[in-house]
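# Examining the three-dimensional arrangement
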Amino acid sequence: MRTMETAKTPGAAVGTDVKTVTYIEAITDGLREEMERDERIFLIGEDIAAYGGVFKATKGLYERFGPMRVIDSPISENFLVQGAVGAAIAGLIPSPELQFDDFISLAVDGIVEHAAKMRYRSGGMFTCPMVIRCCYGGAVGGGLFHSQANQSWFMHCPGLVVVTPATPYDAKGLLKSAFRGQNPVLYYEHKRLYRTIKGAVPTHDYTVPLGKAAVVREGRHATVISYALMLHRSLEAAEKLAAEGIEVEVIDLRTLLPYDKETILRSVEKTARAVVVYESSKTMGVGAEIGAMIAEEGFSFLDAPVRRVSPPDAPQEPFAPVLAAAYLPDAARIAQAIRETVAY
Amino acid sequence: MAVSTDELKGLYYYLNLVRQTDERCRRLFKQGRFHGTYFSAVGQEATVVGSCYGLRAEDVIGIQHRELGAVITKGMPLKYVMAELYARKDSPDRGKSHPCHYGWKPMGIITPASTIAAQTVIATGCALAFKIQRKDHVAVCFVGEGATSNGVWHEALNFAGVHRLACVFVVQNNLWAESVPARLGVPLDDVSERAKAYGFPGLTIDGNDVLLAYETTQEAVRRARRGEGPTLIEMKTYRWYGHSEIDPANYRTQEEVEYWKRRDPVPRFERLLMERGVIDESYKQATLQRIEREIEEAIDFAEKSPHPEPHEILEDVYAPLG
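Residues numbered from 1 in each chain as written. Chains lettered and ligands numbered in written order. Predicted model: local features only at pLDDT ≥ 70, side-chain atom pairs only at ≥ 80, totals over all residues.

### Concerning helix α12 (residues 331-343) of chain A
Because each turn of an α-helix spans 3.6 residues, side chains separated by three or four positions end up pointing in the same direction. All names here are of chain A. Look at α12: 18 Å from first C-alpha to last across 13 residues, which is about the 18 Å you get at 1.5 Å a residue. When α12 is considered as a whole, its buried residues turn out to be I334, A335, A337, I338, T341 and V342. What you see down the axis of α12 is that its buried residues fit within an arc of 160°, all on one side. Along α12, exposed side chains directed more than 90 degrees from the buried face belong to A332, E340 and A343. At its buried positions, α12 is contacted by β10 (222-226), α8 (228-243), β11 (248-252), β13 (274-277) and β14 (307-309). (Helix = DSSP H or I, 4+ residues; strand = E, 2+ residues; numbered from the N terminus. Expected span 1.5 Å × (residues − 1). Buried ≥ 20, exposed ≤ 12 C-beta atoms within 10 Å, placed from the backbone. Arc of directions from axis to C-beta. Contact = placed C-beta atoms within 7 Å.)

### Focus: the sheet that holds strand β12 (residues 255-257) of chain A
All names here are of chain A. Spatially, β3-β2-β4-β5-β7-β6-β12 is the arrangement adopted by the seven strands of the open sheet, whose pairing is mixed. For this open sheet the edge positions go to β3 (70-72) and β12, each flanked by a neighbour on one side alone. In this sheet, neighbouring strand axes are inclined to one another by 20° on average, regardless of whether the strands run parallel or antiparallel. Pairing of strand β6 (residues 161-163) with strand β7 (residues 184-190) involves three bridges; the strand directions are parallel. Bridge assignment links V163 to a residue of β7, and that residue is Y187. (Pairing = 2+ DSSP bridges. Axes fitted to C-alpha atoms, helices over the stretch in contact; angles between N-to-C directions.)

### Details of the pairing of strand β4 (residues 167-173) of chain B
Residues and elements named next belong to chain B. Across the seven residues of β4, seven count as buried, placing the element largely inside the fold. Because side chains alternate across β4, one face comprises the buried residues C167, F169, V171 and N173, and the other comprises V168, V170 and Q172, equally buried. Following the backbone out of strand β3 (residues 139-144), through helix α6 (residues 151-162) and into the adjacent parallel β4, one traces a crossover that is right-handed. Sheet topology note: the β4/strand β8 (residues 231-236) ladder contains six bridges and is parallel. For V171, the partnering residue across the bridge sits in β8 and is E234. (Right-handed = clockwise from strand over helix to strand, strands pointing away.)

### So, the sheet that holds β14(A)
Residues and elements named next belong to chain A. Spatially, the five strands line up as an open sheet ordered β9-β11-β10-β13-β14, and their pairing is mixed. Each having just a single partner strand, β9 (214-217) and β14 make up the two edges of the open sheet. Here the strands of the sheet are splayed against their neighbours by 25° on average, with no regard to which way each runs. Against the sheet, α8 engages β9, β10, β11 and β13, with an angle of about 170° to β11. α12 contacts β10, β11, β13 and β14 of the sheet and is inclined by roughly 175° relative to β14.

### Points about the packing of helix α1 (residues 5-30) of chain B against helix α9 (residues 265-275) of chain B
Residues and elements named next belong to chain B. The N-to-C vectors of α1 and α9 enclose an angle of 155°; their axes lie 10 Å apart at closest approach. One way to sum up the angle between α1 and α9 is to call them roughly antiparallel. Every pair of crossing elements has a handedness; the one defined by α1 and α9 is left-handed. Taking contact as the criterion, the partners of L8, Y12, L15, N16 and R19 in α1 are, on α9, P265, V266, F269, E270 and L273. (Parallel < 35°, antiparallel > 145°, perpendicular 65-115°, else oblique. Left-handed = near helix turned anticlockwise from the far one by under 90°.)

### A closer look at the packing of helix α3 (residues 77-89) of chain A against α6(B)
Across the interface, α3(A) lies against α6(B) with an axial gap of 9 Å and an inter-helix angle of 75°. The orientation of α3(A) with respect to α6(B), classified from their angle, is roughly perpendicular. The segment α3(A) lies against α6(B), with N78(A), F79(A), Q82(A) and G83(A) engaging V152(B), E155(B), A156(B) and F159(B). Classifying every residue of the contact of α3(A) with α6(B) by side-chain character gives four nonpolar, three polar and one charged. (Nonpolar A, V, L, I, M, F, W, Y, C, P; charged D, E, K, R; others polar.)

### Observations regarding the interface of chain B and chain A
Contact with chain B, which involves 34 residues of that partner, is made by 38 residues of chain A. Every element with two or more residues in the side of chain B that touches chain A is listed here: α5 (118-132) and α6 of chain B. Broken down by element, the side of chain B that touches chain A gets its largest block of residues, 11 residues, from α5(B). Its residues assigned to classes, the side of chain B that touches chain A shows 20 nonpolar, eight polar and six charged.

### Some points on the pairing of strand β8 (residues 198-202) of chain A
Residue and element names in this part refer to chain A. Covered by surrounding structure in β8 are G199 and V201 only, the residues K198, A200 and P202 on the alternate face being uncovered. Where strand β1 (residues 18-22) lies against β8, five bridges are found, and the strand directions are antiparallel. Bridge pairing links V18 to P202 in β8.

### Considering the confidence of the model for chain A
Caution applies to low-pLDDT regions: their predicted coordinates should not be interpreted in detail. Of the residues in chain A, 95% have a pLDDT of 70 or more, and the chain-wide mean is 95. Predicted confidence for residues 1-7 of chain A stays below pLDDT 50, and this span has 19 contacts to residues more than four positions away or in other chains. (pLDDT = per-residue confidence, 0-100.)

### A word on the domain arrangement of chain A
All names here are of chain A. Entries for chain A in the domain assignment read domain 1 (18-202) and domain 2 (214-343). Relative to domain 2, the C-alpha centre of domain 1 lies at a distance of 26 Å. Each partner contributes residues to the interface: domain 1 has 26 residues there, and domain 2 has 24 residues. Looking at the side of domain 1 that touches domain 2, the elements that each hand over two or more residues are α6 (151-154), β6 and α7 (168-180). The residue makeup of the side of domain 1 that touches domain 2, split by class, is 13 nonpolar, 11 polar and two charged. (Domains from an automatic or database assignment.)

### A word on unusual backbone geometry
A cis amide bond links L257(A) to the next residue, P258(A), at an omega of -15°. Tracing the chain through its elements places P258(A) in the loop between β12 and α9 (261-271). In this structure, M284(A) is a non-glycine residue whose phi angle is positive, near 60°. Structurally, M284(A) can be placed in the loop between β13 and α10 (286-297). With a phi close to 50°, E178(B) is a non-glycine residue in the positive phi region. As for its placement among the helices and strands, E178(B) is situated in the loop between β5 (176-177) and β6 (180-181). The class for E178(B) is partly exposed, based on 13 C-beta atoms found within 10 Å.

Written as C-alpha cells, this is what we have:
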C-alpha cells in the first residue's frame, strides 16, 4: 500500500511530547486510555476479545481489561447496538463495534430509532452515551460487501453524532470526545487509512471537539470540503494544483453530523468556489447536503456552481479491480474538477 | 412462598386501577379529550399486574404500547401516564413521542419506540449492564406472541441465554398480532417452547390468573437475582378490544370474544379474595372510590397541563456536544 501524506491538523502535536503512530494504533490507544480513565466503558463486538478484532483495533484490550469489559458477541448486529442502548440507560458507556459498514443495515433500528431518539423520545429523561465504532470504506479490494461507506444515511438522523477522522491525531482526539459526551456517537473509521496513515500524536491526554471542522490547508482560489480517505486524495490534488498556481483551501469535516457550517461558509466567502469530495454514490450523498447548504446560505459568495466529486451512482465499490478503480475518485479526478471550478 | 394478605390486597388494587384507568382512557379518546389513538389492554390486566407487582424501583421493564398496566403497577404516577396520553408539557416525554409510549426513569420504565420487540432487546442490554456492575437488579421484558417471530427478539433471548442474564421474558399471548392470528405467527401451541432454543426454562400459564402470574414471575425474578439466568413465561390471555381504538377488530368472531370475557381476570380474582375473606363488599367499594378519585385527579392534572410550545421542537435532540 502506498503511504499518503499526513494531513496537517491545527493543534496537531509538535515537539518532543509526541509519538508517531498509525491511524489504527491511535484508535487502540484511545480505547485503552479511555477505558483506564472511566471504568463504565466496555466494548462489545464480533471477534473483538482474545482475537483482537478482524483489523486488530482492539488488540491487547481483552488481556488488559478482561471478559466483562471486552465482550465477544454472537453474530447479532442488532443486539450489539440495541443492547448497548440498554446498557447506556443502565449507567454504562458501551462501545459496540460493527465489523463492517456493510453490515450496519442490520443495526439500523438500534441506531436510528433507539440510540438517536432516546433522549428526544423521553423528554431528556434517558440519555444514551455510547460510541458505535464502525469500520468502513473502499480502496482495499473488499468488493461490494466489504467496502461500503454509508455515512450519508445517518446524516439524516438528528440526535446522532457522526464522525470520521482522517488522521491519527483526530482519530484519538475524536474518540476521546465521543466517550466523554452524553450523545450517541457513530464513529466511522476508514479501513484504508488504518495502516497507510501515520502521524504525530501527543503522549499526554487531549481531545478534538465534536462538531468542528478543520482547515487543513489554506488557499484562496477554491475550497475543497472532504473527510477521511477522500481528504488525503484532495490534499494530493491540492499539492498538484499548487504547482500550477492554484491555491486550494482544504477543509476536513471530521464530524459529519452535526457538521460545522461556519467553517465551510467562512472559507467559501474567501475563495468563492466550493468542491465537495466524498466517498459514496453521488445522489443524496454527503455532497448533496453540503452543496445545498452552501447554495442556500452562501449563494452570494459563489463565483461558480458547487461541484460534487464522488463515485458514480453504482451501489458501492465493485470487486473486479478494473471496476473498483473506476469507483473512488483519485487525486487526478479531484484536481480536474477543481481546475474546472476555478476556470468557470 | 406464601402470598401475604397485603400482597393480595395490593394485587387487587392494581388490577382494578388498571382496568378502570384503561376503560376511562378509551372513553376519553372517544370523547376527543386527547388525540392520536389509544391502545387498550382490557382483558389482559392480570399478566402485567402480576408480573410487575413486587418489582424493585431499580429493576427495569421493557414495554411496548399495550403495557399501561405494567407502568402503573411498576410505579409510574398516574398523572404522568395521563399527561403522556394528552401529549402535554408535564408528560415525562414533553409531548414528543407517541400515545401509550410511557416512560418513567425513577421506576426503571424505559420509554419505548414503536418497533416491535425492540424494548426486549434494550432491557436485555440493561441486564448485561447489571451483570457487569455486579448488581442483582432484574429486567422484565414484555411482548405479545406476535413479537416472538421477530429476529431481534431472538437475538436478545439468545444473548441472555449465553450470558445467563437476569431477565424475565413475559410473552402475553393474546392470540392476535393486530389482525394476524397466532397460528400464522407461531408454529407452536405454546410459545414458551421457544425457550428450549436458548437454554433456559419456558413456562406457559393462565394469564388471566393474577395470583399465578405474580407467583410465577416472582419465582423467575428470584432465580434471576441469584444469577441463575433468564426465564420465559408465556401468559395466555386475550385483548377484548381492537389493536387500537380505530380498529373494529372484525377479524374475530363474537363467540371468541364472549368466551374470553367470561374469563375476565378482575371479577375472578375478586371472587377468590371474597371467598378467602381477604376483602369484603365495603373494602371493594372503598377501593373503587379511591381509584375513581385517583383517576379524576390524574385527568385533571393532564388537562390543566399546558401544551408544549413550538420552540421546544428542538429541545432534547442533543446533549451539549462538549
